[in-house]
Amino acid sequence: MSLKSYSDSVSKVWPLFTNIDVDYGEGIFLYDRKGKKYIDFTSGIGVTNTGHCHPRVVNAIKKQSEKLLHGQTTILYNSMIDELASSIKKILPDELNCMFFSNSGSEAVESAIKLVRHATGKPNIICFQGGYHGRSIGALSLTTAKSVYRSGYQPLMSGVFVSPHPYFKQHSNENSEQRVKHCLDELEHILNTQTSPEETAAMIIEPILGEGGYVVPPKSFIQGIRNICDKYNILLIFDEIQTGFGRTGKYFAFEHFKVKPDILVIAKGIASGLPLSGIVANKKLMDKWVTGSHGGTYAPNPLSIAAAVETIKVLEEEKLVHNSEDIGNYLLDKLQNIKNKHPNVIDVRGKGLMIGCELIEEDGQSGTYIAEKVRKNCLSKGLILLTCGPYNQVIRWIPPLTTKKSDIDRSLKIFEIALKQSLGR
Ligand SMILES: Cc1ncc(COP(=O)(O)O)c(C=O)c1O
């Protein structure tokens, strides 16, 4: 199948992973302009957690669109912004009680970088191998998921130090607790040899790696990072842009680790597809940000706010976070069965409806080619999936949180046939 591309009037910088000329979406489905139906288990990269065009969210946007499309945040007081903050506060621990809003994930990461530098007066930030934090220069400087994101853009922002993550191969002869110890020792070593605690404003991590391979680290790793931050008075930022709003079977992934961040970065699932992002911190920390020193024209857009407030109500009232856990466990179990039958599937992992299925080639190399074949074979049968990981060797499942067991059964049938075809069996 040769893939379409956009016309010469559109930049080639966007790769195109499918040929779908999309017309509309409804729940877990997308329809092309000829009426062909697809199961969308990408959720637009973890965005449409309530499914495509959830009627309640659409209605809230429609109503708002007749009242106000843009109400610039520094020119006008708009009580909707307070309403949005209080809806988000309800699903967070008490300490995370003050918010700043922006449009995209990368912008929110930029805000976190700027806040920690301003608030602490310290310049440096430690990030972790395999992390993905966005494409703007600051966020990209913290991104080490794949070199394609960084190549040609260097030198990036200075003051960034990369610490190891227990997933990656240099520790592959160690067991999981040994790997954690090794990584935490390295982190301390970086503080001792490259960026002292007096110069280190913050550490940033995705508690569950997204683009980097859908990796759930051992609890002790995330807890260990929190302890080191506390020991040296360094702020801890969790980038929950992909893992937030029920994606992992909890409202936020940090709940799995029993560790709280000083700053939480949010986006994607917050507004069911409308652009909205933000950072959440304790008011004392947020108040260290000098008024007027950061901001932007658009955010938070009134349509996005209306969508977000309704999205949070839908998550709560339709018990979608519980559904994410329940259906996620079901999917994980079924994928384990597939793994047991197919030696090319070497790992199945995840939390809630954020599940990765790692593949390996016959010769033991990373499963880049098989994963791409499986993805394309699924696509030709009407199931849209994505890959991730440093070698694109992981098939990732990101279904809407509204997905039912019968939808999972249907897509697993497609997946297993696609897998067998890709392996030539
Ligand atoms: C964990 C994480 N951080 C940051 C980003 C960047 O967000 P955006 O693409 O909205 O700039 C993403 C996007 O995939 C992400 O998954």
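Residues numbered from 1 in each chain as written. Predicted model: local features only at pLDDT ≥ 70, side-chain atom pairs only at ≥ 80, totals over all residues. Heavy atoms only, no water.

Participant: Can you explain the overall build of the protein? Please cite residues and give values.
Facilitator: Along the protein, the regular secondary structure elements total 13 helices and 15 strands. Compactness check: the protein gives a C-alpha radius of gyration of 21 Å against a globular reference of 22 Å for 425 residues, within 12% of the reference. Pairs at least 24 apart in sequence give 70% of the contacts found in the protein among residues at least 6 apart. Total accessible area on the protein stands at roughly 18900 Å², and carbon and sulfur atoms take up 52% of it. Distance between charge centroids for the protein: 4 Å, based on 50 positive and 44 negative side chains. (Helix = DSSP H or I, 4+ residues; strand = E, 2+ residues; numbered from the N terminus. Rg over C-alpha atoms; globule rule 2.2 N^0.38 Å. Contact = heavy atoms within 4.5 Å. Areas by Shrake-Rupley, 256 points an atom, 1.4 Å probe, with all protein chains shown as cover. Lys, Arg positive; Asp, Glu negative; His and termini not counted. Charge placed at Lys NZ, Arg CZ, Asp CG, Glu CD.)

Participant: Describe the environment of isoleucine 205, with residues and values.
Facilitator: Counting through the fold element by element, isoleucine 205 comes out in strand β7 (residues 200-205). On the accessibility criterion, isoleucine 205 (1% relative accessible area) is buried. For the pair formed by isoleucine 205 and proline 218, sequence separation is 13 residues and the distance between their alpha carbons is 14 Å. When sequence neighbours within four positions are dropped, the list of residues in contact with isoleucine 205 reads Phe128, His133, His165, Phe221, Ile222, Ile225, Leu236, Ile237, Phe238 and Asp239. (Buried < 20%, exposed > 50% of the residue type's maximum accessible area, 1.4 Å probe, protein only.)

Participant: Please give an account of the nonpolar core that cites residues and values.
Facilitator: The nonpolar side chains of soluble globular proteins are, as a tendency, buried together. In this structure, Met203, Ile225, Trp397 and Phe415 are the most contacted members of the largest nonpolar core, which totals 100 residues. Looking at this core element by element, the count peaks at 9 residues for helix α10 (residues 302-317). When residues of this core are sorted by domain, at least three fall in each of domain 1 (22-40 + 319-422) and domain 2 (58-317). In contact with isoleucine 225, not counting residues within four places along its chain, are Phe128, Leu184, Leu187, Met203, Ile205 and Leu236. (Core = buried A, V, L, I, M, F, W, Y, C linked by side-chain atoms within 4.5 Å. Domains from an automatic or database assignment.)

Participant: I'd like to hear about the domain arrangement of the protein, residue by residue, with values.
Facilitator: Looking at the assigned domains, one finds that the protein contains domain 1 (22-40 + 319-422) and domain 2 (58-317). Its C-alpha centre places domain 1 at a distance of 26 Å from the equivalent point of domain 2. Contacts between the two partners involve 27 residues from domain 1 and, on the opposite side, 28 residues from domain 2. Regarding the contact of domain 1 and domain 2, the summed buried area is about 2100 Å², with carbon and sulfur atoms giving 59% of it. It is Val321, Lys351 and Met354 that lose the most area in domain 1 upon contact with domain 2, and together they represent 33% of the buried surface on that side. In this structure, the connection of domain 1 to domain 2 is made through 1 salt bridge. Among the salt bridges present, the one from glutamate 211 reaches arginine 396, with a minimum N-O distance of 2.9 Å. (Buried area = accessible area lost by both parts, 1.4 Å probe. Salt bridge = Lys/Arg side-chain N within 4 Å of Asp/Glu carboxyl O.)

Participant: If you had to explain the pattern of salt bridges to someone new, which residues and values would you point to?
Facilitator: Evaluation of the coordinates by the stated rule reveals 18 salt bridges. The closest approach of N and O atoms between arginine 33 and aspartate 21, which form a salt bridge, is 2.9 Å. Note that arginine 33 is positioned in the loop between β2 (29-32) and β3 (37-40) and aspartate 21 in the segment before β1 (22-26), a separation of 12 residues in sequence. For aspartate 21, a relative accessible area of 39% puts it in the partly exposed group. For lysine 283, the salt bridge is made with aspartate 287, and the minimal N-O distance between the two is 3.0 Å. Residue lysine 283 is classed as partly exposed on the basis of its relative accessible area of 43%. The exposure class of aspartate 287 is partly exposed, given its relative accessible area of 48%.

Participant: Tell me about the site of the ligand, residues and numbers included.
Facilitator: Contacts to the ligand come from Ser104, Gly105, Ser106, Tyr132, His133, Gly134, Glu206, Asp239, Ile241, Gln242 and Lys268. A distance of 2.7 Å separates a nitrogen atom of the ligand from a polar side-chain atom of aspartate 239. A distance of 2.9 Å separates an oxygen atom of the ligand from a polar side-chain atom of glutamine 242. Coverage of the ligand by the protein amounts to 84% of the 390 Å² it exposes when considered alone. Its residues placed into classes, the shell around the ligand shows 2 nonpolar, 6 polar and 3 charged. (Near = heavy atom within 4 Å. Polar contact = N/O pair within 3.5 Å; in protein donor to acceptor, adjacent residues only side chain to side chain. Nonpolar A, V, L, I, M, F, W, Y, C, P; charged D, E, K, R; others polar.)

Participant: Explain the state of the cysteines residue by residue, including any values.
Facilitator: Tallying each qualifying case throughout the model produces 0 disulfides. Take cysteine 357: it sits in no disulfide, and the sulfur closest to it among the cysteines is that of cysteine 378, at 9.8 Å. (Disulfide = S-S within 2.5 Å.)

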